[in-house]
Amino acid sequence: MTAGEIRPPSSSPPPPQLHRPTPVELAEDGGEAWVWAQIKAEARRDAEAEPALASYLYSTILSHSSLERSLSFHLGNKLCSSTLLSTLLYDLFLNTISNDPDLRSATVADLIAARYRDPACVSFSHCLLNYKGFLACQAHRVAHKLWTQSRRPLALALQSRISDVFAVDIHPAAKIGKAILFDHATGVVVGETAVIGNNVSILHHVTLGGTGKAGGDRHPKIGDGVLIGAGATILGNVKIGAGAKIGAGSVVLIDVPPKTTAVGNPARLVGGKDQPRKHDEVPGESMDHTSFIYEWSDYVI
């Protein structure tokens, strides 16, 4: 098996054509050791192919004994400042991630999701080192853990650094599932009471926001397997059903049923609100952005 291949870590692969393991399933089936072995093999290959990166790859990946150590080191160096030292951040990330199996499983699921879904993702190590959406999500997971431990000033300080460095602004109270892909990620905003399920893919400049100054539970709830296109805005305590698709640039202010497609400003359902067309795919995994267009628009170039 080459470093770039994606195969289930289990010694007994699933029957062909019956079931392709999801990133969450792979992450919970010995995925951490498997992905870490892949990352180290890729780093060695890249160091040999490009000597200019050898020192960088050694310090970020090859010198570390585990994925959580490598990730903590890299995040600490990315997010540090003159007053928030990299050593302090390294200890914070490492202690938090090492003591929480769910955090480690989520990290692995996110890596596998990016490798599966994004054709531009050439390797796990490329995602680990260079995908700011992935890095912002992992740092948010730690900030969220701090928030739940009532360490809120530190969680908010971490949120501010994530926003400064990665241009991704996620409130530390927001709840995010596993196998998340923030593709490109620039300009993503996620509000305090937002909830994002598993196997969700979100493109750049997406806002999951409130509708004004109202307090309480005021942000969107995104179901499993949802795909949200670039520049989409979803406002208020609305529910986006499992497997739904939100077209690029759409503005969504009301609930979207499961397995339907909402497009436009204001968004409307493909097929109409009374009998919306439903799809069988999981768009958060398939990344199919345009299958609806011929049914929704008669615009021709």
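Residues numbered from 1 in each chain as written. Predicted model: local features only at pLDDT ≥ 70, side-chain atom pairs only at ≥ 80, totals over all residues. Heavy atoms only, no water.

An order of β3-β6-β9-β12-β14-β15 is seen for the six strands of this open sheet, with the pairing classed as mixed. With partners counted over all chains shown, the strands left at the sheet margins are β3 (181–182) and β15 (268–269), one partner each. Direction of pairing for strand β9 (residues 227–228) relative to strand β12 (residues 245–246): parallel, over a ladder of two bridges. Each bridged residue has a counterpart across the sheet, and for Ile228 the counterpart in β12 is Ile246. (Pairing = 2+ DSSP bridges. Helix = DSSP H or I, 4+ residues; strand = E, 2+ residues; numbered from the N terminus.)

Glancing now at the sheet that holds strand β4 (residues 189–190). Ordered by their spatial adjacency, five strands build an open sheet running β1-β4-β7-β10-β13, and the pairing between neighbours is parallel. Edge positions in the sheet fall to β1 (169–170) and β13 (251–252), since each has one partner strand and no second. Bridge analysis of strand β7 (residues 207–209) against strand β10 (residues 233–235) gives three bridges, and the strand direction is parallel. In the sheet register, Thr207 faces β10, and the bridge partner there is Thr233.

Core analysis: the biggest nonpolar cluster contains 74 residues, and Ile228 and Ile240 have the highest contact counts within it. Per element, the largest residue contribution to this core is nine residues, and it comes from helix α7 (residues 132–148). When residues no more than four places from it in sequence are discounted, the contact partners of Ile240 are Lys221, Ile222, Gly223, Val226, Ile234, Ile246, Val252 and Val256. (Core = buried A, V, L, I, M, F, W, Y, C linked by side-chain atoms within 4.5 Å. Buried < 20%, exposed > 50% of the residue type's maximum accessible area, 1.4 Å probe, protein only. Contact = heavy atoms within 4.5 Å.)

A word on helix α2 (residues 54–62). Residues Leu57, Thr60 and Ile61 constitute the buried set of α2. The arc enclosing the buried residues of α2, seen along the axis, measures out at 85°, which places them on a common side. In α2, those exposed residues whose orientation departs by more than 90 degrees from the buried face are Ser55 and Tyr58. (Arc of directions from axis to C-beta.)

As a further point, take the pattern of salt bridges. Close approach of charged atoms allows side chains of opposite charge to pair. With the rule as written, the count across this model stands at nine salt bridges. Its salt-bridge partner being Lys145, residue Asp100 comes within 3.0 Å of it at the nearest N-O pair. Of this pair, Asp100 sits in the loop between α4 (86–98) and α5 (101–117) while Lys145 sits in helix α7, and the two are 45 residues apart along the sequence. Judged by relative accessible area, Lys145 falls into the partly exposed class, the value being 27%. Notably, a salt bridge pairs Glu281 with Lys245, separated by 3.3 Å at the nearest N-O pair. Taken together, the residues span a long stretch of sequence, with Glu281 in the loop between β15 and α9 (283–286) and Lys245 in strand β12 at a distance of 36 residues. (Salt bridge = Lys/Arg side-chain N within 4 Å of Asp/Glu carboxyl O.)

Below, the discussion takes up the side chain of Ser125. Structurally, the position occupied by Ser125 is in helix α6 (residues 124–130). Excluding anything up to four places from it in sequence, Ser125 contacts Ile39, Glu42, Asp46 and Ile61.

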